[in-house]
Amino acid sequence: MSDTCTHILRKPLTDSFEREIRSLRISITEKCNLRCRYCMPEDSYEHHSKDVITLEEIKLLVEVFHSFGINKIRLTGGEPTLRPDLTEIVRFISNYCPNIELNMTTNGVLLEKFGIDLLNAGLKRINISIDAIDPVEFQYITQRNQYQKMMNGILFALQLGFESIKLNVVAIKDFTERQIPKFIKFIEGTNLEVRFIELMPFSGNLNFQDKFLSKNEILQVIEQTHALTPIQKDNLSQTFTMYYVDGKVKIGFIPSVTDSFCKNCDRVRITADGNLRPCLHSSNEINLTNLLNPLDPELEGHIREALRKKWKEHPDFRIANYRPPLSDRAMILIGG
Ligand code: SAM
Ligand code: SF4
């Protein structure tokens, strides 16, 4: 993509396996208003808001990573809509360079409240996480009574006319199977797309081996009552596979476990406490907040060095005794 911005551009970031890094996920908070069972540690969960990256640091991170050719930014968390300066963050990124594709992942609970401001600030694409269409099952999985607000948030976002709204559904065995027909019905006639995400193991999440439900198992459930047509991928780094259901409804899969996209991975993450985390599943991180002067001659070297440690691929999580290191972060503290 040619860049119409006049900012300084450096050589793109690459890792040791010649993958070019184009996509940055910034976790802007560790706080959340839900307690999804697969995302949180089972025992206790504390956020460390004193260390959270500031608006100024986020602006610098955007400038620095854009200078390395990052052209996709996703805001995530924790729950990004809990951050009081979210609208300013969105406005800054969307004004900084029109070539940056900005997206946000949210649980939707506060979209009715902030949707208009976010749209006006320049946010055009959102992913809303919803694991159950049924209110009782939603409350079971999120451990909070926020179904109505989440549903109002989705319906309001649809009315507002965001360019793209995708629904993220984490696939959970003996749970998601009964949600599938409800999701297909719910999105029929709308421009919503559902993405089923294979459950990944992180420190402290619910028992991965017992709860794992693969893309193929979901396909089998759908095929019993619907016709499925695969849709060709747009590009190599596309992490999802899409299908038409009965020629009209679009559903997708992020099969991170059974068909990992590691070989085309172009992502890095910034945690809410300012660490660069090159790989979702590896605890290798470097803190950037004390280096964050774009003119610091050491900054580029540190970032490139961190990228050299990016894993080639994550381990096969399906092996029976796989356990993520307990010392690593839970998903809510990494940023999905
Ligand atoms: N709170 C926001 C939300 O729920 O959309 C953003 C943060 S959340 C960590 C980002 C995404 O990660 C959500 O779609 C969530 O469902 C997904 N996620 C969390 N834990 C996961 C896991 N163990 N495996 C797969 N996806 C997970
Ligand atoms: Fe919160 Fe999102 Fe994690 Fe659910 S998935 S607990 S909404 S951060």
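Keep in mind the model is a prediction, meaning the values are calculated, not measured.

1. A word on the nonpolar core
Move 1: Judged by nonpolar contacts, the single largest core of 80 residues is most densely connected at Ile26, Leu61, Ile73, Val169 and Ala171.
Move 2: Ignoring sequence-local partners within four residues, the contact set of leucine 61 consists of Ile26, Ile270 and Leu288.

2. Notes on the site of ligand 1
Move 1: The environment of ligand 1 is made up of 20 residues, and the closest members are Ser129, Asn168, Met200, Met331 and Gly336.
Move 2: Broken down by secondary-structure element, the contributors of at least two residues to the shell around ligand 1 are β3 (101-106) and β5 (164-171).
Move 3: Taken together, the residues that form the shell around ligand 1 break down as 10 nonpolar, nine polar and one charged.

3. A look at helix α5 (residues 147-160)
Move 1: Taking 1.5 Å as the rise per residue, α5 with 14 residues should run 20 Å; its terminal C-alpha atoms sit 20 Å apart, in good agreement.
Move 2: For α5, the complete set of buried residues consists of Met150, Gly153, Ile154 and Ala157. For α5, the arc enclosing every buried residue in end-on projection is 95°, short of the 170-degree limit, so these residues lie on one face. Opposite the packed face of α5, turned more than 90 degrees from it, sit the exposed residues Gln148 and Gln159.
Move 3: Along its buried surface, α5 packs onto α3 (111-121), β4 (125-129) and β5.
Move 4: A positive phi of about 85° marks glycine 161, the residue just after α5.

4. Re helix α2 (residues 86-96)
Move 1: Within α2, the full set of buried residues consists of Leu86, Ile89, Val90 and Ile93. Along the axis of α2, the buried residues cluster in a sector spanning 95°; they form a single face.
Move 2: Taken together, the buried residues of α2 touch α1 (55-67), β2 (72-76), β3 and α3.

5. Focus on the pairing of β2
Looking along a regular strand, one sees side chains alternate from face to face of the sheet.
Move 1: With four of five residues buried, β2 lies mostly within the body of the structure.
Move 2: The pairing of strand β1 (residues 23-27) with β2 spans five bridges and is parallel. Along β2, the bridge assignment pairs serine 23 with lysine 72.
Move 3: Bridging between β2 and β3 involves four bridges; their strand directions are parallel. When the bridges of β3 are listed, leucine 75 appears paired with methionine 104.
Move 4: Regarding the hand of the β-α-β motif, the stretch spanning β2, α2 and β3 is right-handed.

Definitions and limits used
Residue positions within a chain follow its written sequence, with the count starting from 1. Each chain is given a letter, starting from A, and each ligand a number, starting from 1, according to the order in which they appear as written. Where totals are concerned, whole chains, interfaces and linings use all residues; where local detail is concerned, this predicted model gives features only for residues with pLDDT of at least 70, and gives and counts side-chain atom pairs only at 80 or more. Core membership is restricted to buried Ala, Val, Leu, Ile, Met, Phe, Trp, Tyr and Cys residues, and these are joined into a nonpolar core through C-beta atoms within 7 Å. Think of it as a crowd count around each C-beta: if 20 or more other C-beta atoms lie within 10 Å the residue is buried, if 12 or fewer it is exposed, and in between it is partly exposed, with C-beta placed from the backbone throughout. Contact definition: two residues whose C-beta atoms, as placed from backbone geometry, lie within 7 Å. In this analysis a residue is considered near a molecule or strand if the C-beta atom, reconstructed from its backbone, is found within 6 Å of that molecule or strand. Secondary structure elements follow DSSP: runs of H or I of four or more residues count as helices, runs of E of two or more count as strands, with numbering from the N terminus. Gly counts as polar in this scheme, as do all residues outside two lists: the nonpolar Ala, Val, Leu, Ile, Met, Phe, Trp, Tyr, Cys and Pro, and the charged Asp, Glu, Lys and Arg. In this scheme, a helix's expected span is set at 1.5 Å multiplied by one less than its residue total. Directions from the helix axis toward the C-beta atoms define the arc. Being paired, for any two strands, means DSSP has found at least two bridges between them. A crossover counts as right-handed when, viewed with the strands pointing away from the observer, the path leading from the first strand over the helix to the second turns clockwise.

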